[in-house]
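Structure assessment
Listed below, chain by chain, are the residues.
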Number of protein chains: 4
Amino acid sequence: MVFILNPNVPKEKIDKFISDWEQKGFSTIYSVGTEHTAVCLIGNTAEVDMDHIVQTNEIVSYGKRITEQYKAVNRSVHEGGTIIRVGSAVVGEGYFTVISGPCSVESKEQICEIARSVKDSGAKILRGGAFKPRTSPYAFQGKQEEGLEMLRIAKKETGLPVVSEIMNQTQIDLFEDIDIVQVGARNMQNFDLLKAVGALKKPVLLKRGLANTIEELLMSAEYIVSAGNNQVILCERGIRTFETMTRNTLDLSAVVILKQKSHLPVIADPSHAAGIRSLVAPLSKAALAVGADGLMIETHNDPAKALCDGAQSLDLKQFHNLMEELKIRAAVEKKEM
Amino acid sequence: MVFILNPNVPKEKIDKFISDWEQKGFSTIYSVGTEHTAVCLIGNTAEVDMDHIVQTNEIVSYGKRITEQYKAVNRSVHEGGTIIRVGSAVVGEGYFTVISGPCSVESKEQICEIARSVKDSGAKILRGGAFKPRTSPYAFQGKQEEGLEMLRIAKKETGLPVVSEIMNQTQIDLFEDIDIVQVGARNMQNFDLLKAVGALKKPVLLKRGLANTIEELLMSAEYIVSAGNNQVILCERGIRTFETMTRNTLDLSAVVILKQKSHLPVIADPSHAAGIRSLVAPLSKAALAVGADGLMIETHNDPAKALCDGAQSLDLKQFHNLMEELKIRAAVEKKEM
Amino acid sequence: MVFILNPNVPKEKIDKFISDWEQKGFSTIYSVGTEHTAVCLIGNTAEVDMDHIVQTNEIVSYGKRITEQYKAVNRSVHEGGTIIRVGSAVVGEGYFTVISGPCSVESKEQICEIARSVKDSGAKILRGGAFKPRTSPYAFQGKQEEGLEMLRIAKKETGLPVVSEIMNQTQIDLFEDIDIVQVGARNMQNFDLLKAVGALKKPVLLKRGLANTIEELLMSAEYIVSAGNNQVILCERGIRTFETMTRNTLDLSAVVILKQKSHLPVIADPSHAAGIRSLVAPLSKAALAVGADGLMIETHNDPAKALCDGAQSLDLKQFHNLMEELKIRAAVEKKEM
Amino acid sequence: MVFILNPNVPKEKIDKFISDWEQKGFSTIYSVGTEHTAVCLIGNTAEVDMDHIVQTNEIVSYGKRITEQYKAVNRSVHEGGTIIRVGSAVVGEGYFTVISGPCSVESKEQICEIARSVKDSGAKILRGGAFKPRTSPYAFQGKQEEGLEMLRIAKKETGLPVVSEIMNQTQIDLFEDIDIVQVGARNMQNFDLLKAVGALKKPVLLKRGLANTIEELLMSAEYIVSAGNNQVILCERGIRTFETMTRNTLDLSAVVILKQKSHLPVIADPSHAAGIRSLVAPLSKAALAVGADGLMIETHNDPAKALCDGAQSLDLKQFHNLMEELKIRAAVEKKEM
């Protein structure tokens, strides 16, 4: 059950409202959205007389029962959708925000050259992998902390906010200067990590696992939001199917359903989904058309020499051309890019 | 191996060229495309000296080795893409052709009302199921031959060419007045049916099976084209995955790859893929953006009372609105709608 | 709803019972099983007072409501399981019946040599493909009618009943001397073919489609049984998954569930599921242990030279050894082999 | 490349052999197996003259090139298979070791009652979840450290070695008294956790992820073994497919392939795979028949009241009966139980 509060209710009254429920044995999630604030009740709400509360409690505007298992991320809590601001970038409805950068940060020069170029092309957020989850223990594992430092330099030089993938909760402190913490597909159900990033005051980019359902993705987001962090960006990045001509199958229907079911922003990652460069541009346009709030696209200044995933990376010129194409289409969709 | 012929070669010379190869033990496929004609050799071409033939044979413009298993449907045979004309409709590159109509033809009034309306909205081809493949023997199996007759009436009244699904090769004669014969997903590897429609002189709409790879779809198309019918329209309609929130998972990456690998037109069917009405519009826009040559969309004058698949059918007003949205986007993609 | 009839009820009384229901608008399926006969009602049975009928109708022993969509194949109709007799072979509970032979019949000598050998090893039924469904139009398509003739010769020579795959309903007459008609995985939802084999008076071996659910398999069997043919053998042969080290994934859980839900015999085909010779023996033992009523195993007198699927075929010695191992285990499972 | 060493080589000579390779830029993995010891070279071994080394180096018995990506877990390293001893239990070829216990430890009484009973029935290792990975943040998350303490009590009382699931590497110290550390399906590619358990001197039970290939499972095991811990037990526990009648699809073919490709023991978990009690016994027998080295089976003294996964748990009597059935079959397979 969620109660949407009236505007401008003093904080004490909200605190009182919350503590009253908690004394009755419910858990609560306090959620400040773009348009209003809400309080979710978690527990056995079957016997709560919602209408009575709406009529008698002066701070409550209206209430809704939430039958889905995901409560705090439910669209009902913030019908208007959540807008996330990070540095100069905005992610959420009305915007189409492109995150770009290399699979792996390789050197200061590499990341800065890419950062300047993708910024010029219109990317709003810089991505760069420092810790790389690799199937083989013998494969390049990323530049690690050094990679994060290079990313910080690129951020300083270009002003772009940065996102990088965290591998586990012991690394939280290393990500202090990283604007958005990415939880990768393999960690989507690493629940301790979800709780840890739920305690942060910064946005989390949560990728769908390769074999995880839409509902499981929402439940993982619920871990983060119920731990106190409302700033979650969901990311569809392809699922495992029997098809072998693409690395994974980008599930654009999932983008639509996620937007319908949740107030959180949803982006797509066509680079990892397809694993093939020539699919990135068409899938990017499709993601925009289907209603995604943005994209995460891998770029490299020299894809042929990339230490990781070069086959799916656009070069800087290709990325520039794609961005020009996307801008025309974002205008049609009435989205700011 | 494919030989692209020079323009305006007399038919006798081509016949001679073909019979020479067949005497050497090769099979040949003669393929008249929009831009040129081609002859594919099937057999052990490893020892054929292609360059020598190109240099010495006056009717040959150039040749290409085809390493893929699919030969006659290979992009190499008609780099410019195949354009299929059916009545007033055109399907192929440069066009975005929408096929619409009910899952099942239910009555003369129903199909005619829908036909008039979707035509007004911009649909170029009318669909209507007469023989319905149903999982349960106790479910409505379609109006059968009567349904085909109703479809013919709607065609006569509106001038729209019509498409309907064939269940097996014994029905070929029943489809004489049907402009496009649809081979459904469950029949994608019904090879005798493929050979039978390969003998027709009319377009075939070939749907991808629920568990069939992109390559298998191309091989099934190869059955039709190698039997002599070059007019095949491929249709992505969703594949089976672990996700349960949608009926199937629309694989838009497949559209891109099919367009890259084959010269045949490719359309998408978002209605059957999603199984949910609210996904049809966003997936339609995404299919256009990704590069599909058209769509197949289920519409009904009264979806709540549809005998079949009502939950995924748009009503006529919803379809009209979607078509308006698509027209704006087709203009951006420089496609005629 | 199913009514189990008393033993030794005169046929006229049963006919009367059935026609009474049909006059009330129900469809009926009359099912003669190993232990009793039953009449299934199809239609809106919600308002039928079952208890009243059981108490007042002298020919009825007891009744059961069937909530599943599959009625005539439901376990409730024949709790004891259906036993199918074909020539000297028996398929059903209490037996473990091995079908063996080549993927494709290649010559009279080949099929007869294999037939003699697998019979000596303990196989009870001979398989041999005459019409082969092949992904590529350029691949060997089987010996066709000639193949069926060779199979008949092997049957005559060894006395083994034979099974071969039918491709479509126009071939029904060709299968007159074939003891068991196989409907292949690609045809599992070829509903016209299912109806056609439902009109036969001989057993049908129905294979699960590569992307079909257990419930869909039962519904396809329902097509056959509701058309009047109770002699259906279900066959699990692997499903499509993301795993690529095996051709398909043999779903032995499906065998258990099929046995629980339906009275029909269930066998497994490890050869096609795995696609690798070295997996056939362990998967065969596992299928026996899990409760399958038999196996279909591909064998060849010279696998290295097989025209089709040699990589998964056992040679005759390997098959013999496997049969010896299976006999020991069948004794433990108290199954006659 | 792997070098199998002669028996009884002094440790200094081995150390010298290893350090020589490392000075040449190779990584090495020193692997002490049941039958011999081996040294794996990781790196560009293409130019290493293996035959020369075998002929000239007195400590080397023979060498093998390993073309697969997984080196240290490769069957080539220990053709005879690895045997793992933990307390009184043995896991590996020649044995069929059953691990049993509740999904979640709930109380001292519960775990001790179950422990005594499953020990009497023949289980050799006790399982009990303390930290439970749950899709919903609102679901019971396990008894945590208290649960581990209860497990220690049960171990003390019965003498059974115990296994429990670790959630992340910060918990390593908590598992000091736990005999086998389980890495769950969701953590199969939590590479930091794999490295951490690779530094332990105790067995690790590594479960296959729901969407992970057999090769990825071997690569994850490679993370652990290459970090120095050779005691890895692989566990097949079902994969995600389109089928919905079972929770997951138990892939018994994977057991066979894992045994062929790797020297590590392989067990199966039918409880989690099926999610249905009535499938546990038949799948257990099938796993034994297919060649698994053991099972992990969930049991509960009162499944109807279990805090977690009651629907798939056997009660203690059911488990006892299953064990009796398994013992008969293990004797046939010549495995000690």
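Along chain A, the regular secondary structure elements total ten helices and 14 strands. For 337 residues, the compact-globule estimate of 2.2 N^0.38 gives 20 Å, and the C-alpha radius of gyration of chain A, at 20 Å, lies within 12% of that figure. In terms of overall dimensions, chain A has a C-alpha envelope of 65 × 45 × 40 Å along the principal axes. Considering chain A as a whole, with its 337 residues, one finds that 57% of them fall into the buried category. Considering only contacts within chain A whose residues lie at least 6 apart along the sequence, 66% involve residues at least 24 apart.

After a rotation of 180 degrees and a shift along the axis of 0.0 Å, chain A superposes on chain D with an RMSD of 0.0 Å. As the rotation angle and translation indicate, the two copies are arranged about a two-fold axis. Closest to the rotation axis within chain A is the C-alpha of A211 of chain A, separated from it by 2.6 Å. Same-surface contact between copies: 96% of interface residues of chain A are shared with the interface of chain D.

On to the sheet that holds strand β7 (residues 97-101) of chain D. Residue and element names in this part refer to chain D. If you trace the eight strands once around the closed barrel, you get β7-β8-β9-β10-β11-β12-β13-β14, paired in parallel fashion. For this sheet, the mean inter-axis angle between neighbouring strands, taken without regard to orientation, is 30 degrees. The pairing of strand β11 (residues 204-207) with strand β12 (residues 232-236) spans four bridges and is parallel. Opposite K207, over in β12, you have C235 as the bridge partner. Contacts between helix α4 (residues 144-158) and the sheet are confined to β8 (125-127) and β9 (162-166), with β9 contributing the most and set at about 165 degrees to the helix.

This part takes up the confidence of the model for chain A. Interpretation of this model should avoid reading the predicted coordinates in detail wherever pLDDT is low. In the predicted model, chain A carries a mean pLDDT of 96, and 100% of its residues have values of at least 70. The ipTM value of the predicted complex is 0.95, and its pTM value is 0.95.

Residues and elements named next belong to chain C. In space, the eight strands of this closed barrel follow the order β7-β8-β9-β10-β11-β12-β13-β14, with parallel pairing throughout. Here the strands of the sheet are splayed against their neighbours by 30 degrees on average, with no regard to which way each runs. Here strand β7 (residues 97-101) runs beside strand β14 (residues 294-298); their pairing, made up of five bridges, is parallel. Bridging across to β14, T97 finds its partner in G294. Lying over the sheet, helix α4 (residues 144-158) contacts β8 (125-127) and β9 (162-166), oriented at roughly 165 degrees with respect to β9. Running at roughly 160 degrees to strand β12 (residues 232-236), helix α6 (residues 214-226) makes contact with β11 (204-207) and β12 of the sheet.

We now examine the interface of chain A and chain D. Taken together, the contacts link 25 residues of chain A with 24 residues of chain D. Only α5 (191-198) and α6 (214-226) of chain A provide two or more residues apiece to the side of chain A that touches chain D. Among the residues forming the side of chain A that touches chain D, the class breakdown is ten nonpolar, ten polar and five charged.

Each copy of the sequence occupies a distinct position, and chain B is placed on chain A by a rotation of 180 degrees and an axial shift of 0.0 Å, giving an RMSD of 0.1 Å. The overlap is high: 100% of the interface residues of chain B also sit at the interface in chain A, so the same surface is used on both sides.

As a further point, take unusual backbone geometry. Residue and element names in this part refer to chain B. We note that Q144 has phi near 60 degrees; this positive angle belongs to a residue other than glycine. Within the secondary structure, Q144 is located in helix α4 (residues 144-158). Take Q144: there are 15 C-beta atoms within 10 Å of it, and that puts it in the partly exposed class. In this structure, K334 takes a positive phi of about 60 degrees despite not being glycine. Checked against the element boundaries, K334 lands in the segment after α10 (316-332).

All names here are of chain A. Split into domains, chain A comes out as domain 1 (2-65) and domain 2 (84-332). Placing the centre of domain 1 and that of domain 2 at their C-alpha centroids yields a distance of 34 Å. Every contact between the two is made by four residues of domain 1 and, on the other side, four residues of domain 2. Looking at side-chain class alone, the side of domain 1 that touches domain 2 contains two nonpolar, two polar and no charged residues.

Attention now goes to the interface of chain B and chain A. Facing the 33 residues of chain B at the interface are 33 residues of chain A. Secondary-structure elements contributing two or more residues to the side of chain B that touches chain A are α6 (214-226), α7 (252-261), α9 (277-290) and α10 of chain B. When residues of the side of chain B that touches chain A are assigned to their parent elements, the largest contribution, nine residues, is made by α9 of chain B. Residue composition of the side of chain B that touches chain A, by class: 19 nonpolar, nine polar and five charged.

Where helix α9 (residues 277-290) of chain C contacts helix α9 (residues 277-290) of chain D, the axes come no closer than 7 Å and their chain directions differ by 155 degrees. Judged by the angle between their axes, α9 of chain C and α9 of chain D are roughly antiparallel. Note on packing geometry: the crossing formed by α9 of chain C with α9 of chain D is right-handed. Facing P282, L283, K285, A286, L288, A289 and V290 of chain C of α9 of chain C, the residues of α9 of chain D in contact are P282, L283, K285, A286, L288, A289 and V290 of chain D.

Bringing α4 of chain B into the picture now. All names here are of chain B. For α4, built from 15 residues, the straight-helix expectation of 21 Å at 1.5 Å per residue is met to within 8% by its first-to-last C-alpha distance of 21 Å. By the burial criterion, the buried members of α4 are G147, L148, M150, L151, A154, K155 and T158. Each buried residue of α4 sits inside an arc of 160 degrees when the element is viewed along its axis, so together they form one side. On its buried side, α4 packs onto α3 (108-121), β8 (125-127) and β9 (162-166).

What follows is about the pairing of strand β14 (residues 294-298) of chain A. Among the five residues of β14 of chain A, five are classified as buried, and the element is accordingly described as predominantly covered. By the alternation rule, side chains of β14 of chain A split into G294, M296 and E298 of chain A and L295 and I297 of chain A, which are all buried.

This part takes up the environment of G184 of chain D. Residues and elements named next belong to chain D. Locating G184 in the fold gives a position in the loop between β10 (180-183) and α5 (191-198). The class for G184 is buried, based on 23 C-beta atoms found within 10 Å. Each C-alpha atom, one on G184 and one on Q318, is 26 Å from the other, the two residues being 134 residues apart in sequence. Apart from residues no more than four positions distant in its own chain, G184 is found in contact with P133, E165 and K207.

We now examine the packing of helix α10 (residues 316-332) of chain C against helix α10 (residues 316-332) of chain D. Contact geometry of α10 of chain C with α10 of chain D gives a least axis separation of 11 Å together with a crossing angle of 160 degrees. If you check the angle between α10 of chain C and α10 of chain D, you find them roughly antiparallel. Once α10 of chain C is placed against α10 of chain D, the crossing between them reads as right-handed. Residue-level contacts link I328, R329 and V332 of chain C of α10 of chain C to I328, R329 and V332 of chain D of α10 of chain D.

Time to look at the environment of E35 of chain C. All names here are of chain C. Its place among the elements puts E35 in the loop between β2 (27-32) and β3 (37-42). Considered as a pair, E35 and P265 are 230 residues apart in the sequence and their alpha carbons are 15 Å apart. Each residue touching E35, except ones within four places of it in the same chain, is listed here: H78 and G80.

With respect to the helices and strands, the residue V255 of chain C is situated in helix α7 (residues 252-261). Judged by the 27 C-beta atoms lying within 10 Å of it, V255 of chain C falls in the buried class.

Residue and element names in this part refer to chain A. Neither face of strand β11 (residues 204-207) is open: one carries V204 and L206, the other L205 and K207, and all of them are buried. The sheet contact formed by strand β10 (residues 180-183) and β11 spans three bridges and is parallel. The residue bridging V183 from the neighbouring strand is L206, located in β11. Taken together, β10, α5 and β11 form a β-α-β motif whose crossover is right-handed. In this view, the connection linking β11 to its parallel neighbour strand β12 (residues 232-236) by way of α6 has right-handed handedness.

Thresholds, definitions, all that
- The residue numbering used here restarts from 1 in each chain and proceeds along that chain's sequence as written.
- A letter from A marks each chain and a number from 1 marks each ligand, given out in the order of writing.
- Totals for whole chains, interfaces and linings use all residues, but because this is a predicted model, local features are given only for residues with pLDDT of at least 70 and pairs of side-chain atoms are given and counted only at 80 or more.
- Comment: elements are numbered from the N terminus, with helices defined as DSSP H or I runs of at least four residues and strands as E runs of at least two.
- As a reference, a globule follows 2.2 Å times the number of residues to the power 0.38, and the radius of gyration itself is taken over C-alpha atoms.
- To assign burial, the other C-beta atoms lying within 10 Å of each residue's own C-beta are counted, with C-beta atoms placed from the backbone; 20 or more indicates buried, 12 or fewer indicates exposed, and intermediate counts indicate partly exposed.
- Contacts are defined on C-beta atoms placed from the backbone: any two residues whose C-beta positions lie within 7 Å are in contact.
- Superposition of the copies used a least-squares fit over C-alpha atoms from residues whose pLDDT is at least 70 in both.
- By definition, two strands form a pair when at least two bridges between them are found by DSSP.
- Every angle, taken between N-to-C directions, lies between 0 and 180 degrees, and every axis is a line fitted to C-alpha atoms, over only the stretch in contact when it is a helix.
- The quantity called pLDDT is the predictor's confidence in a given residue, expressed from 0 to 100.
- All amino acids are sorted into three groups, where Ala, Val, Leu, Ile, Met, Phe, Trp, Tyr, Cys and Pro are nonpolar, Asp, Glu, Lys and Arg are charged, and the leftover types, Gly among them, are polar.
- Each domain's extent was defined by an automatic or database domain assignment.
- Angles are sorted into four bins: roughly parallel if under 35 degrees, roughly antiparallel if over 145, roughly perpendicular if 65 to 115, and oblique for all others.
- Helix crossings get a hand from a simple test, with the near helix turned counterclockwise from the far one by less than a right angle marking a left-handed crossing and a clockwise turn marking a right-handed one.
- Residue count minus one, scaled by 1.5 Å, sets the expected span of a helix.
- Directions are taken from the helix axis to each C-beta atom, and the arc is the one they span.
- If you view a crossover with the strands going away from you and the path from the first strand over the helix to the second runs clockwise, you call it right-handed.

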